[in-house]
Amino acid sequence: YLVFVFLPLLFWSEAPALSWWGSAAAALAFVPLYFAFFRWRGRRQQALIVAVALLGYAVILINAGGNTFIIYAIAMVATALPVRQAVLSALLMLALMAALFLWRLPLPYALAYTAMVAVIGGPVFMGVLLARGRARRNAELRLTQDEVARLAALAERERIGRDLHDLLGHTLSL
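Rules of the game
- Residues numbered from 1 in each chain as written.
- Predicted model: local features only at pLDDT ≥ 70, side-chain atom pairs only at ≥ 80, totals over all residues.
- Heavy atoms only, no water.
- Helix = DSSP H or I, 4+ residues; strand = E, 2+ residues; numbered from the N terminus.
- Rg over C-alpha atoms; globule rule 2.2 N^0.38 Å.
- Core = buried A, V, L, I, M, F, W, Y, C linked by side-chain atoms within 4.5 Å.
- Buried < 20%, exposed > 50% of the residue type's maximum accessible area, 1.4 Å probe, protein only.
- Phe/Tyr/Trp six-rings, centres within 6.5 Å; stacked < 30°, edge-to-face > 60°.
- Lys NZ or Arg CZ within 6 Å of the ring centre and 35° of its normal.
- Salt bridge = Lys/Arg side-chain N within 4 Å of Asp/Glu carboxyl O.
- Patch = residues over 30% accessible without salt bridge, like charges linked within 9 Å, V, L, I, M, F, W, Y side chains within 5 Å.
- Areas by Shrake-Rupley, 256 points an atom, 1.4 Å probe, with all protein chains shown as cover.
- Polar contact = N/O pair within 3.5 Å; in protein donor to acceptor, adjacent residues only side chain to side chain.
- Contact = heavy atoms within 4.5 Å.

### What about the overall build of the protein chain?
So, point 1. Counting secondary structure elements, the protein chain contains six helices and zero strands.
So, point 2. Secondary structure elements in the protein chain, listed N-terminal to C-terminal, are α-α-α-α-α-α.
So, point 3. Against the 2.2 N^0.38 benchmark of 16 Å for 174 residues, the protein chain shows a C-alpha radius of gyration of 27 Å, more extended than a compact globule.
So, point 4. Counting only C-alpha atoms, the protein chain reaches 105 × 25 × 25 Å along its principal axes.

### Considering the nonpolar core
One broad trend across soluble globular proteins is that nonpolar side chains are buried collectively.
So, point 1. The biggest cluster of nonpolar side chains holds 34 residues, and the ones touching the most others in it are Tyr57, Phe69, Met93 and Phe125.
So, point 2. Elements with a contribution of two residues or more to this core: helix H2 (17–39), helix H3 (43–60), helix H4 (67–80), helix H5 (83–104) and helix H6 (107–173).

### Quick notes on the packing of aromatic side chains
The description of an aromatic ring pair rests on the distance of the ring centres and on the angle between the ring planes.
So, point 1. Counting across every chain of the model gives ten aromatic pairs.
So, point 2. When the centroid spacing of 5.6 Å and the interplanar angle of 35° are considered together, the rings of phenylalanine 30 and tyrosine 34 count as tilted. With phenylalanine 30 and tyrosine 34 both in helix H2 and four residues apart, this pair spans about one turn of that helix.
So, point 3. Overall, the relative accessible area of 25% leaves tyrosine 34 in the partly exposed class.
So, point 4. Relative to phenylalanine 69, the ring of phenylalanine 30 has its centre 5.3 Å away and its plane inclined at 55°; by these criteria the two rings are tilted. Here phenylalanine 30 is found in helix H2, whereas its partner phenylalanine 69 is found in helix H4, with 39 residues between them in sequence. Neither phenylalanine 30 nor phenylalanine 69 differs from the other in exposure class; each is buried.
So, point 5. In textbook terms, an aromatic cluster arises when at least three aromatic residues are bridged by ring pairs, as seen for Phe30, Tyr34, Phe35, Phe37, Phe38, Phe69 and Tyr72.
So, point 6. Above the ring of tryptophan 40, the side-chain terminus of arginine 44 is found at 4.8 Å from the ring centroid.
So, point 7. It is arginine 104 that lies over the ring of tryptophan 103; its NZ or CZ is 5.5 Å from the centre.

### Observations regarding the pattern of salt bridges
So, point 1. Taken as a whole and judged by the stated rule, the model has four salt bridges.
So, point 2. For arginine 159, the salt bridge goes to glutamate 156, with nearest N and O atoms at 2.6 Å. Placement of both arginine 159 and glutamate 156 in helix H6 is noted, with a separation of three residues, approximately one turn of the helix.
So, point 3. Since its relative accessible area comes to 35%, arginine 159 is described here as partly exposed.
So, point 4. Glutamate 156 gets classed as partly exposed once you look at its relative accessible area, which sits at 36%.
So, point 5. One salt bridge in this structure joins arginine 159 and aspartate 163, with 2.8 Å as the shortest N-O distance. Note that arginine 159 and aspartate 163 are positioned in helix H6 at a spacing of four residues, about one turn of the helix.

### Points about a nonpolar patch on the surface
So, point 1. A grouping of Tyr1, Val3, Phe4, Leu7, Leu10, Phe11, Trp20 and Trp21 is seen on the molecular surface, where their side chains present a nonpolar patch of about 1000 Å² in accessible area.
So, point 2. Elements represented by at least two residues in the nonpolar patch include exactly helix H1 (3–10) and H2.
So, point 3. No other element matches H1, which puts four residues into the nonpolar patch.
So, point 4. Along the chain, tryptophan 20 falls in helix H2.
So, point 5. For tryptophan 20, a relative accessible area of 32% puts it in the partly exposed group.

### Quick look at the side chain of glutamine 45
So, point 1. Tracing the backbone through its elements, the reader meets glutamine 45 in helix H3.
So, point 2. A residue is classified by how much of its surface remains accessible, and glutamine 45, at 6% relative accessible area, is buried.
So, point 3. Here phenylalanine 37 takes part through its backbone oxygen, which lies 3.0 Å from a polar atom of the side chain of glutamine 45.
So, point 4. Within the structure, the side chain of glutamine 45 is placed 3.2 Å from the backbone oxygen of tryptophan 40, a separation counted as a polar contact.
So, point 5. In this view, glutamine 45 contacts Phe37, Trp40 and Ala80; residues no more than four positions away in its chain are not counted.

This is the structure:
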């Protein structure tokens, strides 16, 4: 999806070199941040979310396609944070992005870009939250199935022990 960083520049007839080079540098900087996000946990993950969002805000100053990084940051927030904190963080990121667009672009364009990020970022956010919930439920189901298998094996061992006890007791009695 990083191609969307460069898409607005294709429609900008006289896009300055700074916009092209800055966007390319941001895309190259983003890739290791993105992959590191899935290796780390806790505070490091949160720092990477902030780094990706800041990268997006910096690119928005030279290219409206920086909103792509904000969508990634929203997905990362949905992955790493508790639901309430994730919702608040995503809304804050959207508000900051909208403020930047209003500052840099004419009102119709600012509203269009903000709406586009909300329309794309919202389902991405919800999809990540739903996938996270599904993964948690699957883990719980796996634990439950393991417990059932353990209890079944224990019951079978007890049954064999009782049968052996009864058989041995009957044989010795005879």
